[in-house]
Amino acid sequence: MTQVSSVSAKIVPLPQRQRGLSWILGLGAFGLALSLTTTSAYLPPLLQQFTESRTLIAVVLGSEGLFALTLPLVIGPWSDTFQTPMGRRRPFMLVALGPLGFCLALVAFMPSLWLMTLILLAFFFAYYVYEPPYRGLYPDLLPPSEYARSQGKQHLLRGLAIGAGLIGGGFLFDLWHPAPFLITAAGTVAACGATIFFVHEPPGATNRVFEGVRAYVAHSWRILEAEPEVRRFLVCNSAWEGTFAGARFFVVLYITKGLGESVAISTAVLATVAIGYVIAAAGAGRLSDRFGIARVIYYCSFVYGGGLLLGGLVQHWRDWYLALMFPVTIAGGAVMTLAWGLLFTLTPPAERGTVSGLATTTKGFGLIIGPIAAGAVMDIFGPYFESTDGYQLLWPVLAVPILAVIPLVRHLAQLDGRTA
């Protein structure tokens, strides 16, 4: 990999191994996933009280992408150089913790579309202050041999959070609309706070100089130009995150509005997704140890993208569809589980925060394009698919990015000396 001049970043040696570190780190992912799952699944029904436009709902929720596009370009490289007795990553995470919980607890009580949007924007701001430094903790504290398995543990907890948010949140939402948001606020603060307080990050000499937005963005751009394999990964990451975001924004509305099914069917579908995700998280690390991270992603992408494409044929619900969905959810879970593990293997050691920030930024492209494209296609072509009001188009639209980046994943798989 090409060496790039840094904005005062230093390579921090691995500290003495902390017992249970992978699980403690994974609690941060649990909290983040729980918060996004709840907002993505249960804000759209609340927003529908104020607007019927699926495109507008997608724009409101997709505004997350604006923060993902911008904040990590500054927060990521800044956390590479922010040396304090508390470490360099955790101060940012600590600052974001309170606003995360506050906004989640408040958002469901807002009496208008614009006030709800304002609180949601504040939540997204705090989220993307927390996430890039959190991602940077993994390569800082773990040896390369543990990247894949640590991501498996992280996504196991993430899968549990998604399951809790989708299934438990559904029951709570039926009882009282603000309930899932209040429970999520407490759970997010507890889980994300546990990572901050129980991880032992190496202290550094005091250096809290902010070198300027322009300097940090320019440094991120230099990394992007100098690391072609990182660039390829970032394109793939945009596609994966766009599909995932589009699915989580519209899946509940697809089942209840498009197929006209009950909350019970929605809960069964979401439970299947969560179980498949957890199974993928539990097994993906071991498979990648044997076959290589990129190679596992490569083969799973065919099942994932192909399954989404076939989902566009569904116009009426049948219970046996759950069996067909199950391998697709496992394949999709494996892709999402191993993505960051793959990135860590491509990252220059001195630029971990910067590259984590770039990856979160490309997630922003996916968050903007995926849901808005899906919402727009359903609004435009919905009259031609009256049986589902256009919702069946969601799945072919989301399949396209997954299938489109398969050649790039194949190239990354070949870097290991394995022919995909």
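In this report, the structure presented in the accompanying data block is examined.

**Re the overall build of the protein**
Of the regular secondary structure elements, the protein holds 15 helices and 0 strands. Its C-alpha radius of gyration of 20 Å places the protein within 12% of the 22 Å reference for a compact globule of 420 residues. Expressed along its principal axes, the backbone C-alpha trace of the protein runs to roughly 60 × 50 × 40 Å. Relative to its 420 residues, the protein shows a buried fraction of 60%. Sequence-distant contacts, at least 24 apart, represent 86% of the contacts inside the protein between residues at least 6 apart. Counting only carbon and sulfur atoms, one obtains 69% of the accessible surface of the protein, whose full area is about 16200 Å². Within the protein, the 21 negative side-chain charges are centred at a point lying 9 Å from the centre of the 26 positive side-chain charges.

**Some points on helix α14 (residues 394–404)**
Residues spaced three or four apart along an α-helix face the same direction, because each turn holds 3.6 residues. Taken residue by residue, α14 has L394, W395, L398, A399 and I402 as its buried positions. Down the axis, α14 shows its buried residues gathered within 115 degrees of arc, on one side only. For α14, exposure combined with an orientation more than 90 degrees from the buried face picks out V400 and A404.

**Digging into the packing of helix α9 (residues 228–258) against helix α15 (residues 406–414)**
One way to put it is that α9 packs onto α15 with a least axis distance of 10 Å and a crossing angle of 140 degrees. Considering their axes alone, α9 and α15 lie oblique with respect to each other. Judged by the sense of rotation from one axis to the other, the crossing of α9 with α15 is left-handed. On α15, the residues that touch E229, R232, F233, V235, C236 and W240 of α9 are L408, V409, H411 and L412. For the contact of α9 with α15, the residue count by class is 7 nonpolar, 1 polar and 2 charged.

**A short note on unusual backbone geometry**
The bulk of non-glycine residues show a negative phi, and the bulk of peptide bonds are trans. Despite not being glycine, D389 shows a phi value in the positive range, around 55 degrees. Mapped onto the fold, D389 is located in the loop between α13 (352–381) and α14.

**Considerations on the packing of helix α1 (residues 21–47) against α9**
The N-to-C vectors of α1 and α9 enclose an angle of 40 degrees; their axes lie 8 Å apart at closest approach. Our classification of the angle between α1 and α9 gives oblique. Considering the relative orientation of α1 and α9, their crossing is right-handed. Between α1 and α9, the residues in contact are L36, S40, A41 and P44 and R248, F249, V252 and L253, respectively.

**Here's the deal with the pattern of salt bridges**
By the definition in use, this model includes 6 salt bridges. Across the salt bridge formed by R88 and D140, the nearest N and O atoms sit 3.0 Å from each other. On the criterion of sequence distance, the pair formed by R88 in the loop between α3 (64–81) and α4 (90–106) and D140 in helix α5 (residues 113–141) is long-range, its members being 52 residues apart. The pair R88 / D140 is uniform in exposure class, with both members buried. What you see here is one network of salt bridges that share partners, running through R88, R89 and D140.

**As for α15**
By the burial criterion, the buried members of α15 are I406, V409, L412 and A413. One side of α15 holds all its buried residues, which, seen down the axis, span an arc of 115 degrees. Of the surrounding elements, those touching the buried residues of α15 are α9, α11 (293–311), α12 (321–346) and α14.

**Examining the state of the cysteines**
By the definition in use, this model includes 0 disulfides. Free cysteine: C103, not disulfide-bonded; nearest cysteine sulfur from C192 at 13 Å. The buried category is assigned to C103, whose relative accessible area is 6%. Cysteine C236 is unpaired, with the sulfur of C300 as its nearest cysteine sulfur at 14 Å. On the basis of relative accessible area, C236 is assigned to the buried category, the value being 0%.

**A word on the environment of P203**
Take P203: it is sitting in the loop between α7 (179–198) and α8 (213–226). The spacing of P203 and T329 is 126 residues in sequence and 41 Å in space, taken between C-alpha atoms. In this structure, P203 is in contact with T84, P85 and G87, ignoring residues within four places of it in sequence.

**Thoughts on the nonpolar core**
Ranked by internal contacts, the top residues of the largest apolar core, which has 127 residues, are F123, Y130, F233 and W240. Apart from residues no more than four positions distant in its own chain, F123 is found in contact with S35, L36, T39, L100, C103 and L104.

Basis of the calculations
- Residues numbered from 1 in each chain as written.
- Predicted model: local features only at pLDDT ≥ 70, side-chain atom pairs only at ≥ 80, totals over all residues.
- Heavy atoms only, no water.
- Helix = DSSP H or I, 4+ residues; strand = E, 2+ residues; numbered from the N terminus.
- Rg over C-alpha atoms; globule rule 2.2 N^0.38 Å.
- Buried < 20%, exposed > 50% of the residue type's maximum accessible area, 1.4 Å probe, protein only.
- Contact = heavy atoms within 4.5 Å.
- Areas by Shrake-Rupley, 256 points an atom, 1.4 Å probe, with all protein chains shown as cover.
- Lys, Arg positive; Asp, Glu negative; His and termini not counted.
- Charge placed at Lys NZ, Arg CZ, Asp CG, Glu CD.
- Arc of directions from axis to C-beta.
- Axes fitted to C-alpha atoms, helices over the stretch in contact; angles between N-to-C directions.
- Parallel < 35°, antiparallel > 145°, perpendicular 65-115°, else oblique.
- Left-handed = near helix turned anticlockwise from the far one by under 90°.
- Nonpolar A, V, L, I, M, F, W, Y, C, P; charged D, E, K, R; others polar.
- Salt bridge = Lys/Arg side-chain N within 4 Å of Asp/Glu carboxyl O.
- Disulfide = S-S within 2.5 Å.
- Core = buried A, V, L, I, M, F, W, Y, C linked by side-chain atoms within 4.5 Å.

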